[in-house]
Amino acid sequence: MNLIVFDLEWNIGYQPKTFRYHGADLTLRGEIIQIGAVRINERADVLDTFEITLRPRIFRKLQHHIAKVTGLTQGDLESGVPIGEGLARFVEWAGPDAEFAEWGLDDVPVLKQNLFLCGLDERWPARWYDLQRIFLQTFPRKEGEGMTLESVVDRLNIPKEDPFHNALDDALYTVKVCRCLPLAEGLARYPNEEEQLREALLTDPDAEYHDVRTWFGLMDHDAYKTDPALCTPVCPRCGAPLTLGDIWLKRGNTGYYTEAVCPAHGSWFVRFKLSRRDGLHWNFARCTETVRPSAYARWKRQEAAQRERLRHRAEKEAAEAAQGAANP
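Residues numbered from 1 in each chain as written. Predicted model: local features only at pLDDT ≥ 70, side-chain atom pairs only at ≥ 80, totals over all residues. Heavy atoms only, no water.

(A) Seen up close, the sheet that holds strand β8 (residues 128-130). With respect to topology, six strands assemble into an open sheet ordered β6-β5-β4-β1-β7-β8, the strand pairing being mixed. The open sheet has two free edges, formed respectively by β6 (81-82) and β8, since each of these has just one partner strand. In this structure, strand β7 (residues 98-102) lies alongside β8, joined through three bridges in parallel fashion. Looking at β8, one finds that F100 is bridged to W128. Here helix α3 (residues 83-94) sits on the sheet and contacts β1 (2-11), β4 (31-40), β5 (46-55), β6 and β7; the angle it forms with β5, its principal contact strand, is near 170°. (Pairing = 2+ DSSP bridges. Helix = DSSP H or I, 4+ residues; strand = E, 2+ residues; numbered from the N terminus. Contact = heavy atoms within 4.5 Å. Axes fitted to C-alpha atoms, helices over the stretch in contact; angles between N-to-C directions.)

(B) Quick peek at helix α9 (residues 193-201). Within the span of α9, buried status applies to E193, Q196, L197 and L201. Within α9, the buried residues cover an arc of 130° as seen down the axis, which keeps them to one side. Residues of α9 that are buried sit in contact with α5 (131-138), β9 (209-218), β13 (266-275) and β14 (282-290). (Buried < 20%, exposed > 50% of the residue type's maximum accessible area, 1.4 Å probe, protein only. Arc of directions from axis to C-beta.)

(C) Inspection of the state of the cysteines at higher detail. If you walk through the whole model with that rule in mind, you get zero disulfides. We note that C235 lacks a disulfide partner, and the nearest cysteine sulfur, in C262, lies 3.7 Å from it. Classification of C235 by relative accessible area gives buried; the value is 2%. Its sulfur unpaired, C287 is 14 Å from the next cysteine sulfur, which belongs to C235. For C287, a relative accessible area of 0% gives the class buried. (Disulfide = S-S within 2.5 Å.)

(D) Up close: unusual backbone geometry. The linkage connecting W124 with the following residue, P125, adopts the cis geometry, with an omega of -5°. The backbone of H22 sits at a positive phi, close to 50°, despite the residue not being glycine. Assignment of secondary structure puts H22 in the loop between β2 (18-21) and β3 (24-27). We note that N157 has phi near 60°; this positive angle belongs to a residue other than glycine.

(E) Quick look at the packing of aromatic side chains. Counted under the stated rule, the structure contains 21 aromatic pairs. Taking 4.8 Å as the distance between ring centres and 90° as the angle between the ring planes, the aromatic pair formed by F6 and F100 counts as edge-to-face. Of this pair, F6 sits in strand β1 while F100 is found in strand β7, placing the two residues 94 residues apart along the sequence. Note on accessibility: F6 and F100 belong to one class, buried. (Phe/Tyr/Trp six-rings, centres within 6.5 Å; stacked < 30°, edge-to-face > 60°.)

Quick look at the structure:
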């Protein structure tokens, strides 16, 4: 295994920046200004390091909050390696078979967006790990405990000899955290993308789920409502097409569900879970759930409330349009 523990610092603009990716408009999460990376083995021994400061070309002015957090200056950015050249150096150093590990799930999406914008292969890396997940399996989170890298370093009594929010120093702190974990076991047991999606979808141990399916690499967030491949479930009992409702309720940040009706067997819930781990594509998991009386009563209350909100919004928009027409 070619395992790279890495950390990025990135600049953001004072106004959002969008870019086109295979026909879709995406928001740039940030432009990389610093990379720190450590190649390790499964015992978390340091084999090699990489560090570089980059000169951005989109967000050229260092945002004041980023400057405060990282300690970087506008001069640091202007004297940095041009971002395309620097990213190419990083790709070459890490190698085509690199597997990445990061603290959280923020850095790989930013990396892939920046690779694409610099004309490099955003399909790389193909596999990466969230070390927080492995950490929590060994050190379950207690109430009030933070999950920032610094707070975990404090919990593990790791000496704080270098500043945080410097990319290489943060990567090295992360390696020290790895030494407190059963790293090899955690990596071996780490779920793949499909397993993670199914886990995020099937959260209720008392529910009865049917017809669990997954889709990967789509561009449209609303595909769960518009793409026939996703939005044509069938009745688990008879196989007849289910008629989906027009109201979708949100469950968590990226979960949606609606009532679906079979003419012969009545109501079901159709649930979706969305994921955008790479910052570019949408992945979907779908299931059909047996409706329980208590859950259905809650659904009907929430559905009615959502219809009322939509009605108020439509009335407000109509009034504003009428006012605009009267006062051109």
